[in-house]
Amino acid sequence: PAVAAAALQVLPLHGELPQPEEATPAEALFSAVREAIRAASATLPNWPGHRSELVQEHAGILAAIEAEDPVGAANLIDDHIRRAYRRLGIAQSESV
């Protein structure tokens, strides 16, 4: 847990991902939307506040994984993605 917490402080949010031939399905999915997320993030009026919220969300996801709570982790990931898409204006519909 201490190493994981330290990693959250050091690693950039959604940093460099493996090349497609090495990527997991989740990494490949994120790779497909990475540029849209970066572009939309640049337009946020309060990037430091948004980044702080993202770090907290990532910490919650990691805590659920470390607690071996797959349902909790999945719910937190779903909430994180939907919230980010709404904040960034990437959502295609109100259902996101």
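Refer to the structure above for everything that follows.
It should be emphasised that the depicted structure is a prediction, and the values quoted were computed from it without experimental measurement.

### Regarding the nonpolar core
Among soluble globular proteins, nonpolar side chains are generally buried collectively.
Okay, so step 1: If you look at the biggest cluster of nonpolar residues, it comprises seven residues: Phe30, Ile37, Ala40, Leu44, Tyr85, Leu88 and Ile90.
Okay, so step 2: Contributions of two or more residues to this core are made by helix 2 (25–41) and helix 4 (70–88).
Okay, so step 3: No other element matches helix 2, which puts three residues into this core.

### Considerations on unusual backbone geometry
Okay, so step 1: Not every positive phi belongs to a glycine, and Glu68 is a case in point at roughly 55°.
Okay, so step 2: On the secondary structure map, Glu68 appears in the loop between helix 3 (47–66) and helix 4.

What counts as what
- Residues numbered from 1 in each chain as written.
- Predicted model: local features only at pLDDT ≥ 70, side-chain atom pairs only at ≥ 80, totals over all residues.
- Heavy atoms only, no water.
- Core = buried A, V, L, I, M, F, W, Y, C linked by side-chain atoms within 4.5 Å.
- Buried < 20%, exposed > 50% of the residue type's maximum accessible area, 1.4 Å probe, protein only.
- Helix = DSSP H or I, 4+ residues; strand = E, 2+ residues; numbered from the N terminus.

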